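Each chain, letter by letter, is given below.
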Amino acid sequence: QVHLVESGGGWVQAGGSLRLSCEASGQFFSINAMAWYRQAPGKQRELVAAITSSGSTNYADSVKGRFTISRDNTKNTVYLQMTSLKPEDTAVYYCNAQIIIGGTMARQTYWGQGTQVTVSS
C-alpha cells in the first residue's frame, strides 16, 4: 500500500508565503514524476507544477515566477514553495505521484488527501 501525505497548508495574507510538503510512504520500487494540482470551489482540478525524477520542472502560467517545485528523492518527498500568494491561489492542493510498484513494475498514479490553502486579500 502506498500513501501520499501532504502538510503545510493554511491561511495567509496576500503577498505571503507557504511551503507544502508531500511524502510518499509504503512499499514501491521507485517514483517517477511528482506534481501538485489544485482545485478551487466550483472549478476543475488543474496542474500547478510538476517535476520529473531527474529534476525537470514545468509550471502553470499563473504561478510561474512565484511557485517553485522541488523534490528530495532520499526522502521520497516533493515540495511546493509558494510566494507572493494571491487570493486566486486559494484552493485545495493535491499531491500526485507516478509510482513504480515492485514485482510487476507497473506504474500507478497516487493522490494525496489534499491540503487547504487560503489566501486573504
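Reading the values: the criteria
Residues numbered from 1 in each chain as written. Predicted model: local features only at pLDDT ≥ 70, side-chain atom pairs only at ≥ 80, totals over all residues. Heavy atoms only, no water. Helix = DSSP H or I, 4+ residues; strand = E, 2+ residues; numbered from the N terminus. Polar contact = N/O pair within 3.5 Å; in protein donor to acceptor, adjacent residues only side chain to side chain. Contact = heavy atoms within 4.5 Å. Disulfide = S-S within 2.5 Å. Core = buried A, V, L, I, M, F, W, Y, C linked by side-chain atoms within 4.5 Å. Buried < 20%, exposed > 50% of the residue type's maximum accessible area, 1.4 Å probe, protein only. Phe/Tyr/Trp six-rings, centres within 6.5 Å; stacked < 30°, edge-to-face > 60°. Lys NZ or Arg CZ within 6 Å of the ring centre and 35° of its normal. Pairing = 2+ DSSP bridges. Axes fitted to C-alpha atoms, helices over the stretch in contact; angles between N-to-C directions. Salt bridge = Lys/Arg side-chain N within 4 Å of Asp/Glu carboxyl O.

Draft legend 1. Here's a closer look at the side chain of asparagine 96. One can find asparagine 96 in strand S9 (residues 91–100). Among the polar contacts listed, one links the side chain of asparagine 96 to the side chain of glutamine 98, at a separation of 3.4 Å. Sequence-distant contacts of asparagine 96, defined by excluding residues within four places in its chain, comprise Leu4, Ala33, Met34, Ala35, Tyr37, Thr109, Tyr110 and Trp111.

Draft legend 2. Just the state of the cysteines, in detail. Tallying each qualifying case throughout the model produces one disulfide. The disulfide bridge from cysteine 22 ends at cysteine 95, spanning 2.1 Å between sulfur atoms. Since a negative S-S torsion denotes a left-handed disulfide, the cysteine 22-cysteine 95 link at about -80 degrees is left-handed. Placement of cysteine 22 in strand S3 (residues 18–26) and of cysteine 95 in strand S9 is noted, with a sequence separation of 73 residues between them.

Draft legend 3. Structural view of the nonpolar core. Formed by 32 residues in total, the largest nonpolar core has its most connected members in Trp36, Leu80, Met82, Tyr93 and Ile99. Of all elements in the fold, only strand S1 (2–7), S3, strand S4 (30–39), strand S5 (46–51), strand S7 (67–72), strand S8 (77–82), S9 and strand S11 (115–120) reach the threshold of two or more residues within this core. When residues in this core are grouped by element, the largest group, five residues, is from S9. Here leucine 80 is in contact with Leu18, Arg19, Leu20, Trp36, Val48, Ala49, Phe67, Thr68, Ile69 and Tyr93, once residues within four sequence places are set aside.

Draft legend 4. A look at the packing of aromatic side chains. With the rule as written, the count across this model stands at one aromatic pair. Here the basic side chain of arginine 45 rests over the ring of tryptophan 111, its NZ or CZ set 4.7 Å away from the ring centre.

Draft legend 5. Broad picture of the pairing of S7. Across the two faces of S7 the burial differs, with Phe67, Ile69 and Arg71 buried and Thr68, Ser70 and Asp72 not buried at all. Inspection of the sheet shows S7 paired to S8 by six bridges, in the antiparallel sense. Bridge pairing links phenylalanine 67 to methionine 82 in S8. Here S7 hands over to S8 after four residues, with asparagine 76 in that stretch at a positive phi of 50 degrees.

Draft legend 6. Fine view of the sheet that holds S7. One open sheet holds the four strands; their spatial order is S1-S3-S8-S7, and the pairing between them is antiparallel. Whereas interior strands pair on both sides, the edge strands pair on one side only; in this sheet they are S1 and S7. Across the sheet, the mean angle separating the axes of adjacent strands is 15 degrees when strand polarity is ignored.

Draft legend 7. Up close: the pattern of salt bridges. Applying the stated rule across the entire model yields four salt bridges. The salt bridge partner of arginine 38 is glutamate 46, with a shortest N-O separation of 2.7 Å. Across the pair arginine 38 and aspartate 89 runs a salt bridge, and its minimum N-O distance is 3.0 Å. Pair noted here: arginine 38 is in strand S4 and aspartate 89 is in the loop between S8 and S9, with a separation of 51 residues, a long-range link. Under the relative-accessibility criterion, arginine 38 is labelled buried at 6%. Residues joined in a network through salt bridges with shared partners are Arg38, Glu46, Arg66 and Asp89.

By themselves, these are just geometric observations and shouldn't be taken as functional.
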